[in-house]
Amino acid sequence: MTRGRGIRRSAALAVALGLGLSGSLVAGPAGAEEKEGPSVRWGTCPEDVAAEAAPVVLECGTVPVPKDYADPDGGRIELMISRLASTDPDKRRGTLMLNPGGPGGSGLSQPAFLANRGIPSEVLDTYDVIGMDTRGIGRSAPVACGFTPEGPYFANIPPYAVDDAAVTARAKVVKKMAEQCAERDKDGVLPHLTTANTARDLDRIRAALGEERTSFLGYSYGTALGAAYASMFPERSDRIVLDSNIGDTHLDRDGMRRFALGVEQTFPDFARWAAARHDSYGLGRTPAEVRRTYFTLAERLDEKPVDGFDGGMLRQITFSFLFKEVQYSKLAQLWQTMKSGGDSKDLGTLVARSGPADQGDGTADTPPSLDNQLSVFLAVSCNDVKWPTSVDTYRKGVAEDRARYPMFGAAAANILPCAFWPYARAEKPVAINDDGPRNILLVQNLRDVPTPHVGGKLLRQKFADRSRLVSVDDSGHGVYVYGDNPCALNTTTRYLVDGKMPKMDAFCPAG
């Protein structure tokens, strides 16, 4: 492998998921030591899931669901789920289902991740915490379009388009990728990967677990799934927490373009951090100087890439590393290496060391396969909602957002395979249902790269009196347990454990 390809592979893995708190992808059956549950036969988890969860011990099992809910007798797929069971029968309320986001993130180890990260013990006493690989992911009828880090499609966030010609060139690439997905879909699963079907799967899992209702904690894209479940099955939804909201039950072009808004709102936090450490990194003595350094480096790499590492990759790596402050030092080192003219070996080492799972918010150390992640992200996003099909529409949007959001707008507005998706939509996106119990707690940082604060405000407006919004003066992707704001932690825990919803929208100050 050449140095350039090595850098590209590392960069691809680091930016693969734009809307997810990524988890693990593994293969193989559950272990044989089983015991009876209501309808789920619980047993030992696959070896690498168990290792990833350690020291927490999870149980795993499977739930059959229709491949196509419009034809429930036309074939079934198996979904693998995991459980961290409550050990206090007197306090147990029911089940708390989890989703780490994506779409394309594995959630089998997520119960253990939250436990290891310090989710309050009261929550673990109150619920059997249920993780899962949702349809299409990992051990649940996985799909694969054949994407590779060395190929032309290696991230679900489009590359930065420096001009109109770049959009036109990208359109040819993504058209072939859409056709490739259809060609490789031998089992016919791809067109049935939708948020609505996954919400239906959640209800099948609820029933298999013998519960009348279920609670739900979803992050990032998981907020779309949770919003869909609460809208489709309001009477079966118990306590719903949606953390880092995309603003609806699906990701559409407007939602994707908001990535650029998130970068503009979050970057000042990194710029202040870097400016305070100018003596260490030399990126600028003021936030304004750090911002200029970004544009200088990106434009230099646009003109002269370093062994395949171009300005588009620098912009996507920066996007990814702004997810959490814990990544700022790695981002600063990468910029420092580029600014000083360091060689590609040093650059590749930095990117690889940053790792795909270390986005400051991942659920584990082992990510899903790049191919599986990208394929699920595309299938769900493209199947859920109609995307523009005219290349001119994307050219216009890129030009608008390059001016409006110069740091990342020409990437977030660029064309996706959804423009050429070969499958017809089976149904309309799930409509938000504001007629139901007041049981939806929205939690949102003020500054968040892929899910800016406006996403929480949008869902609050759509769910109306069913919801309350907790806005947190913090930066990063993921609030509850993933962040360290005590007000947000306590407010969310009180709701999950005692059902105490804030009477009005709430604000959590920094710290």
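Keep in mind the model is a prediction, meaning the values are calculated, not measured.

1. Concerning the state of the cysteines
Argument step 1. Considering all chains together, one arrives at four disulfides under this definition.
Argument step 2. Across a sulfur-sulfur distance of 2.1 Å, Cys145 and Cys181 are joined as a disulfide pair. Measuring the twist about the S-S bond at about 110°, one finds the Cys145-Cys181 disulfide to be right-handed. One end of the pair, Cys145, is in the loop between strand S6 (127–132) and helix H5 (164–184); the other, Cys181, is in helix H5, with 36 residues separating them in the sequence.

2. Digging into the side chain of His477
Argument step 1. Among the structural elements, His477 can be located in the loop between strand S10 (467–475) and helix H18 (486–498).
Argument step 2. According to the relative accessible area criterion, His477 is buried, its value standing at 0%.
Argument step 3. At 3.0 Å, the side chain of His477 and the side chain of Asp448 are in polar contact.
Argument step 4. At 3.3 Å, the side chain of His477 and the side chain of Thr451 are in polar contact.

3. Observations regarding the confidence of the model for the chain
Low-pLDDT portions of the prediction should not be read for the details of their coordinates.
Argument step 1. The predicted model of the chain averages 90 in pLDDT, with 87% of residues at 70 or higher.
Argument step 2. In the predicted structure, residues 22–37 sits below a pLDDT of 50 and forms 54 contacts with residues beyond four places in sequence or in another chain.
Argument step 3. Long-range and interchain partners of residues 355–367, a stretch whose pLDDT sits below 50, account for 52 contacts in this model, where long-range means more than four residues apart.

4. Brief notes about the pairing of strand S3 (residues 59–66)
Argument step 1. Among the eight residues in S3, six count as buried, and that is most of the element.
Argument step 2. Strand direction decides the pairing type here: strand S2 (residues 41–44) and S3, joined by two bridges, are antiparallel. Within S3, the residue paired with Thr44 across the bridge is Glu59.
Argument step 3. One ladder, built from eight bridges, connects S3 with strand S4 (residues 76–84); its direction is antiparallel.

Rules used throughout
Residues numbered from 1 in each chain as written. Predicted model: local features only at pLDDT ≥ 70, side-chain atom pairs only at ≥ 80, totals over all residues. Heavy atoms only, no water. Disulfide = S-S within 2.5 Å. Helix = DSSP H or I, 4+ residues; strand = E, 2+ residues; numbered from the N terminus. Buried < 20%, exposed > 50% of the residue type's maximum accessible area, 1.4 Å probe, protein only. Polar contact = N/O pair within 3.5 Å; in protein donor to acceptor, adjacent residues only side chain to side chain. pLDDT = per-residue confidence, 0-100. Contact = heavy atoms within 4.5 Å. Pairing = 2+ DSSP bridges.

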